Amino acid sequence: MKTIGISEQSHKNLINLKLEERTRNIEEIIEKLIIEYKKLKFIEASDLFKSKLKEKNISFHHILKKSKEVRKEIADEWLH
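Because the structure is predicted, anything quoted here is derived from the model rather than measured.

1. Some points on the environment of Leu 48
Inspection of the secondary structure puts Leu 48 in helix H2 (residues 26-55). A relative accessible area of 49% means that Leu 48 is categorised as partly exposed. Taking the C-alpha atoms as reference points, Leu 48 and Ile 26, 22 residues apart in sequence, are found 33 Å from one another.

2. Things to note about unusual backbone geometry
Unusually for a residue other than glycine, Arg 22 sits at a positive phi of about 55 degrees. Relative to the helices and strands, Arg 22 is located in the loop between helix H1 (8-21) and H2. Residue Arg 22 is classed as exposed on the basis of its relative accessible area, which comes to 77%. Unusually for a residue other than glycine, Asn 57 sits at a positive phi of about 55 degrees. On the secondary structure map, Asn 57 appears in the loop between H2 and helix H3 (60-79).

The rules we used
- The residue numbering used here restarts from 1 in each chain and proceeds along that chain's sequence as written.
- pLDDT decides what is reported in this predicted model: residues at 70 or higher carry local features, side-chain atom pairs at 80 or more are listed and counted, and totals for whole chains, interfaces and linings draw on all residues regardless.
- Side-chain descriptors were evaluated using all non-hydrogen atoms of the structure, hydrogens and water having been removed beforehand.
- Each helix corresponds to a stretch of at least 4 residues labelled H or I by DSSP, and each strand to a stretch of at least 2 residues labelled E; elements are numbered beginning at the N terminus.
- The classification of residues rests on relative accessible area computed with a 1.4 Å probe and restricted to protein chains. Under 20% of the type maximum is buried, over 50% is exposed, and intermediate values are partly exposed.

Okay, structure coming up:
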């Protein structure tokens, strides 16, 4: 087990979340926060990907179609 230093305010916030969520310990709250942070980063990356596709006027279907062609070419090279 490791110890980390946090401010008094962060500690109070974590305790309040623990009580609100009725969890056994603060570690469960921290694990949930980490998961939510990762979800948020994934959504941000997804939104960026979508916006770049829109900028270039490319549909996701088009990317899937092109990737299928590339996979077929690779398979043909490996098998022949």
